[in-house]
Amino acid sequence: MPALNEQASVGAVIEQVKRSLPGADLLVVDDGSVDDTAKLARAAGADVARLAVNLGVGGAMRTGFRYAAARDYDVVVQVDADGQHDPEEVAALLRGLDEADIVIGSRFAGKGSYKASGPRKYAMVALSIVFSRLARRKLTDVTSGFKAMGPKAIKLFASYYPAEYLGDTVESLVLAIRAKLTIAEIPVIMRERAAGTPSHSPIKSAVYLSRAGLALLLALVRRRPAVDSSDSA
């Protein structure tokens, strides 16, 4: 659970995760918060890794994957700390790992009423078209942060996970496809943020569109060291 200044929601989200997934280990990666996110996460019963500076979601997730690999976890599930991801949907994500290495929780696959508009919508549609072709299967929500990842993905991402803008979604999926990992998605319902302010405005949406395109272009042309994501068994 990557978290940046989410003191208003992190405790409640942790409680929901614990109710929905009893016995699951929960790590909150405090991504350089300046509020009480880490303190409240510990009080709610989560393990906490604190980053000295804000690295972004990609940097926080890289910490999480290395933590998981060091402890030989077979599954990692990314859940946001703002309350948008419903922990009750995690079981469906996990079932999807029976046939895939990465399962994306999609807002646009026929469940719920989530709507995107303006430049942000155009970026999401364009990215979905490109990634559907790259992955050779229909993907409708490649920027979703609600994902489950199996052993091959954990091994790959523990070795390298991009921390650049949109790297946690766009470039990480390019890496996975190049490593011949199987990507699938299931429909999920995304909730409104439990706290905080969403970063939507016409200007920010236009910036998102241009940055998403640039992130995809860089991910496609950039060469990374080859990583063997095959099972060690």
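One structure accompanies this document, and this report is about it. (Residues numbered from 1 in each chain as written. Predicted model: local features only at pLDDT ≥ 70, side-chain atom pairs only at ≥ 80, totals over all residues. Heavy atoms only, no water.)

Regarding its fold elements, the chain presents eight helices and seven strands. Every one of the 233 residues in the chain was classed for burial, and the buried ones make up 48%. Counted over contacts in the chain with a minimum sequence separation of 6, partners at least 24 positions apart contribute 74%. For the chain, the exposed surface amounts to about 11,800 Å²; the carbon and sulfur share of it is 53%. (Helix = DSSP H or I, 4+ residues; strand = E, 2+ residues; numbered from the N terminus. Buried < 20%, exposed > 50% of the residue type's maximum accessible area, 1.4 Å probe, protein only. Contact = heavy atoms within 4.5 Å. Areas by Shrake-Rupley, 256 points an atom, 1.4 Å probe, with all protein chains shown as cover.)

Here we come to the sheet that holds strand S2 (residues 27-31). Taken in spatial order, the three strands make up an open sheet running S1-S2-S3, and their pairing is parallel. Of all strands in the sheet, those with a lone pairing partner are strand S1 (2-3) and strand S3 (47-51), marking the two edges. Of the strand pairs in this sheet, S1 and S2 are connected by two bridges, and their pairing is parallel. The residue of S2 that forms the bridge with Ala 3 is Asp 30. Strands in contact with helix H3 (residues 56-70) are S1, S2 and S3; relative to S2, the strand with the most contacts, it is inclined by about 145°. (Pairing = 2+ DSSP bridges. Axes fitted to C-alpha atoms, helices over the stretch in contact; angles between N-to-C directions.)

For the rest of this paragraph, the subject is the nonpolar core. If you look at the biggest cluster of nonpolar residues, it comprises 27 residues, and the most contacted ones within it are Phe 65, Ile 102, Phe 131, Met 149, Phe 157, Ala 176 and Ile 183. Beyond its immediate sequence surroundings of up to four residues, Phe 65 is in contact with Val 76, Met 149, Ile 154, Phe 157, Ala 158 and Tyr 161. The next biggest cluster of nonpolar side chains, apart from the first, holds 14 residues, and it includes Val 17, Ala 38, Ala 41 and Val 48. (Core = buried A, V, L, I, M, F, W, Y, C linked by side-chain atoms within 4.5 Å.)

On to helix H7 (residues 167-178). Across the twelve residues of H7, eleven count as buried, placing the element largely inside the fold. Looking at H7, one finds that the buried residues are Gly 167, Asp 168, Thr 169, Val 170, Glu 171, Ser 172, Leu 173, Val 174, Leu 175, Ala 176 and Ile 177. A positive phi of about 65° marks Lys 180, the residue just after H7.

With respect to the secondary-structure elements, Arg 62 resides in helix H3. Of the residues examined, Arg 62 reaches a relative accessible area of 23% and is grouped as partly exposed. Here the alpha-carbon distance between Arg 62 and Pro 162, two residues 100 residues apart in the chain, equals 7.6 Å. What Arg 62 contacts, discounting residues up to four positions off in sequence, is Tyr 161 and Ala 163.

Counting buried residues along strand S5 (residues 102-106), five of its five residues qualify, which places the element largely inside the surrounding structure. Residues Ile 102, Ile 104 and Ser 106 line one face of S5 and the alternating positions Val 103 and Gly 105 line the opposite face, and both faces are buried. Where S5 and strand S6 (residues 147-149) come together, three bridges link them in antiparallel fashion. Across the sheet, the residue bridging to Val 103 is Ala 148, located in S6. Where S5 and strand S7 (residues 183-187) come together, five bridges link them in parallel fashion. Bridge pairing in S7 places Val 103 opposite Ala 184.

Here Ala 163 is to be found in the loop between helix H6 (151-159) and H7. What makes Ala 163 partly exposed here is its relative accessible area of 26%. Distance from Ala 163 to Met 61, taken between C-alpha atoms, is 8.4 Å for residues 102 residues apart in sequence. Setting aside its immediate chain neighbours within four residues, Ala 163 contacts Leu 55, Gly 58, Gly 59 and Arg 62.

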